[in-house]
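Given next are the chains, with one letter for each unit.
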Amino acid sequence: MAASAGGALARNGVAHDGQVATRLGPGGDPGLRETIALSTILLLAREAGAKVHLCRLSSAEASTWFARQRPGYPVTCDVAIHHVHLSEMDIGYFDPNCHLTPPLRSARRPRRAAPGARRRTIDAICSDHAPVDEDVKQLPFAEAEIGATGLELLLPLTLKWADESGVALSAALAKITSDAARILAIDAGHLSPGSAADICVFDPERYWKVAPAALKSQGKNTPFLGLELKGRVRQTLVEGQIVYEAK
């Protein structure tokens, strides 16, 4: 029943049900659909006593509602790095790189996901890495494959969020490392004697331009193409072994 109601509300929408969708014509996907699904999940979690993690909250309404209802529920949540920085206005004239799920939401976000992460309403930030081949991405907006590459941009975009929001570097990095590991109940995301030496060495002041040639992922599609970001990975170690080293 919940899935059916959500589908009816979405009306096959491909963009947030707001001013951009109204102006340019695609079907709208309302933020209310996310809030309704969220309320259903929280009620089921309470009844079952189960621990639940909610992926990719995107709307201001859902973030605010979650913060109010969360006490007493064994639930955590994350937000995709795309939704931390972008809104429906970034779609422009239907840039297919901005065809994401959930869709980019309203720019009017007084309690949007990024401040939510600062207040610990949001427990973690994820890359929402969903690379897409060029031939199925460069189509009209509604027909383009949903998704964007995000893994290589997670670090610099998290640093950008920290700079803009006044979040300490250690707290920002925790959102994509130790906090995420805590949610998954795995021993990772920290440096301590005897722990696995899974380490990312980066230069927080090094600028680089997001371009297809600079991305290692097979999918080169991202809404951030052409943007200069600060924070460049120099080395990646897995169990103490160097598996990547920048040239």
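We now turn to the structure provided with this report.

What counts and how
Residues numbered from 1 in each chain as written. Predicted model: local features only at pLDDT ≥ 70, side-chain atom pairs only at ≥ 80, totals over all residues. Heavy atoms only, no water. Phe/Tyr/Trp six-rings, centres within 6.5 Å; stacked < 30°, edge-to-face > 60°. Helix = DSSP H or I, 4+ residues; strand = E, 2+ residues; numbered from the N terminus. Buried < 20%, exposed > 50% of the residue type's maximum accessible area, 1.4 Å probe, protein only. Lys NZ or Arg CZ within 6 Å of the ring centre and 35° of its normal. Pairing = 2+ DSSP bridges. Axes fitted to C-alpha atoms, helices over the stretch in contact; angles between N-to-C directions. Salt bridge = Lys/Arg side-chain N within 4 Å of Asp/Glu carboxyl O. Core = buried A, V, L, I, M, F, W, Y, C linked by side-chain atoms within 4.5 Å. Contact = heavy atoms within 4.5 Å.

In this section: the packing of aromatic side chains. Applying the stated criterion to the full structure yields one aromatic pair. Taking 5.2 Å as the distance between ring centres and 35 degrees as the angle between the ring planes, the aromatic pair formed by Phe 94 and Phe 141 counts as tilted. Here Phe 94 is found in the loop between α5 (81-85) and α6 (113-118), whereas its partner Phe 141 is found in the loop between α7 (134-137) and α8 (154-165), with 47 residues between them in sequence. Residue Phe 141 is classed as buried on the basis of its relative accessible area of 5%. Looking at Arg 232, its charged tip hangs above the ring of Trp 208, at a distance of 4.5 Å from the centre.

Further remarks concern the sheet that holds strand β4 (residues 75-80). The pairing of strands in a sheet happens through backbone hydrogen bonds and is either parallel or antiparallel. Within the open sheet, the three strands sit side by side as β3-β4-β5. Their pairing is parallel. Where the open sheet ends on each side, the last strands, each with one partner, are β3 (52-54) and β5 (124-126). Geometrically, the sheet is characterised by an average inter-axis angle of 30 degrees between neighbouring strands, direction not taken into account. Inspection of the sheet shows β4 paired to β5 by three bridges, in the parallel sense.

The next subject is the pattern of salt bridges. What the rule picks out here adds up to four salt bridges. Measuring nitrogen to oxygen at the nearest pair gives 2.9 Å for the salt bridge that ties Glu 164 to Lys 160. Of this pair, Glu 164 and Lys 160 both sit in helix α8, separated by four residues, roughly a single helical turn. Take Glu 164: its relative accessible area is 54%, and that puts it in the exposed class.

For the rest of this paragraph, the subject is the nonpolar core. Membership of the largest hydrophobic core comes to 34 residues, with the highest contact counts inside it found for Phe 66 and Leu 153. Setting aside anything within four residues of it in sequence, one finds Leu 153 in contact with Trp 208, Val 210, Leu 215, Thr 222, Phe 224 and Leu 229.

This part is about the sheet that holds strand β8 (residues 241-245). Strand order in this open sheet of three strands is β6-β7-β8, and the pairing throughout is antiparallel. Each edge of the sheet is formed by a strand with only one pairing partner; in this case those strands are β6 (199-209) and β8. On average, each strand axis in the sheet is inclined to that of its neighbour by 25 degrees, with strand direction left out of account. In this structure, strand β7 (residues 228-238) lies alongside β8, joined through four bridges in antiparallel fashion. By the bridge assignment, Leu 237 is partnered in β8 with Ile 242. Across the sheet, α8 is in contact with β6 and β7; its angle to β7 comes to roughly 130 degrees.

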